[in-house]
Amino acid sequence: MCAALRELAEETGVESGFLPIQEMPVHVDVHDIPENPAKGEPAHQHADFRFAFRAVREVNPRIQEEEVSAAEWRPLGDLPKTLHQRVAPLV
């Protein structure tokens, strides 16, 4: 979870204002990443460990566009089905 908070800070500029809802990830997504010759990366699999946090104050993210391709606040009902099923009982 410490790594998730560190990534949150690095990629959004939000360094505080969140509390974990639970210690364990709510979802783990493993997907294929194609080869990227520009970065010198071979094709590989990538694992995303998704944690749930609760905002305890208003936050104003500053997205690091080199690392984040899309970011948005979404209502619970707009989450993909699998993620919704894991997050809904926590809120």
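Everything numeric in this text was worked out from a predicted model, so none of it was measured. Along each chain, residue indices are assigned from 1 in the same order as the chain's sequence is written. Since the coordinates come from a predicted model, pLDDT governs what is reported: local features require at least 70, and pairs of side-chain atoms require 80 or more to be given and counted, while whole-chain, interface and lining totals use all residues. Only hydrogens and water are removed before side-chain values are computed, so all heavy atoms of the structure are retained for them.

Quick word on the side chain of H27
Among the structural elements, H27 can be located in strand β2 (residues 27-33). On the accessibility criterion, H27 (12% relative accessible area) is buried. Every residue in contact with H27, bar those within four places of it in the chain, is listed here: D48, F49, R50, T82, L83 and R86. The helix and strand labels rest on DSSP assignments: H or I over at least four residues marks a helix, E over at least two residues marks a strand, and numbering proceeds from the N terminus. Burial classification: accessible surface area is computed with a 1.4 Å probe over protein chains only, and a residue below 20% of its type maximum counts as buried, one above 50% as exposed, and the rest as partly exposed. When checking whether two residues touch, look at their non-hydrogen atoms; a contact exists if any pair is within 4.5 Å.

Considering the pattern of salt bridges
Salt-bridge detection follows one rule: a side-chain nitrogen of Lys or Arg within 4 Å of a carboxyl oxygen of Asp or Glu. Counting across every chain of the model gives 1 salt bridge. Note that R74 and E72 form a salt bridge whose closest N and O atoms lie 3.4 Å from each other.

Things to note about the confidence of the model for the chain
Low-confidence regions, as indicated by low pLDDT, have predicted coordinates that should not be scrutinised in detail. pLDDT runs from 0 to 100 and stands for how confident the predictor is about each residue. Averaged over every residue, the pLDDT of the chain is 88; the share at 70 or more is 100%. Model confidence for the chain, summarised as mean pLDDT per element, is weakest for strand β4 (residues 53-55) at 85 and strongest for β2 at 94.

A word on the environment of P80
Summarising the element assignment, P80 is placed in the loop between β4 and α2 (81-87). Through-space distance from the C-alpha of P80 to that of L19 is 23 Å; in sequence the pair is 61 residues apart.

A word on a nonpolar patch on the surface
Each patch is built from salt-bridge-free residues with over 30% relative accessible area, joining like charges within 9 Å and nonpolar side chains (Val, Leu, Ile, Met, Phe, Trp, Tyr) within 5 Å. Residue-level accessible areas treat just the shown protein chains as cover; the underlying method is Shrake-Rupley with a 1.4 Å probe. The grouping of I21, L76 and V91 at the surface amounts to a nonpolar patch, some 240 Å² of accessible area in total. Along the chain, I21 turns up in the loop between β1 (18-20) and β2.

A few points about a negative patch on the surface
The charged-residue count follows a simple rule in which Lys and Arg add positive charge and Asp and Glu add negative charge, with His and chain termini not counted at all. All charge positions are set by atom: Lys at NZ, Arg at CZ, Asp at CG, Glu at CD. Where like charges cluster on the molecular surface, the negative patch consists of E7, E10, E65, E66 and E67. Relative to the assigned elements, E65 resides in the loop between β4 and α2. A relative accessible area of 67% means that E65 is categorised as exposed.

A look at the side chain of T12
Along the chain, T12 falls in helix α1 (residues 2-12). Two N or O atoms count as a polar contact when they lie within 3.5 Å, although within protein this holds only if one can serve as hydrogen donor and the other as acceptor, and sequence-adjacent residues are included solely when both atoms are side-chain atoms. In this structure the side chain of T12 is engaged in a polar contact, spanning 3.2 Å, whose partner is the backbone nitrogen of V14. If near-sequence neighbours (up to four positions away) are discounted, T12 is found in contact with E7, P61, R62 and I63.

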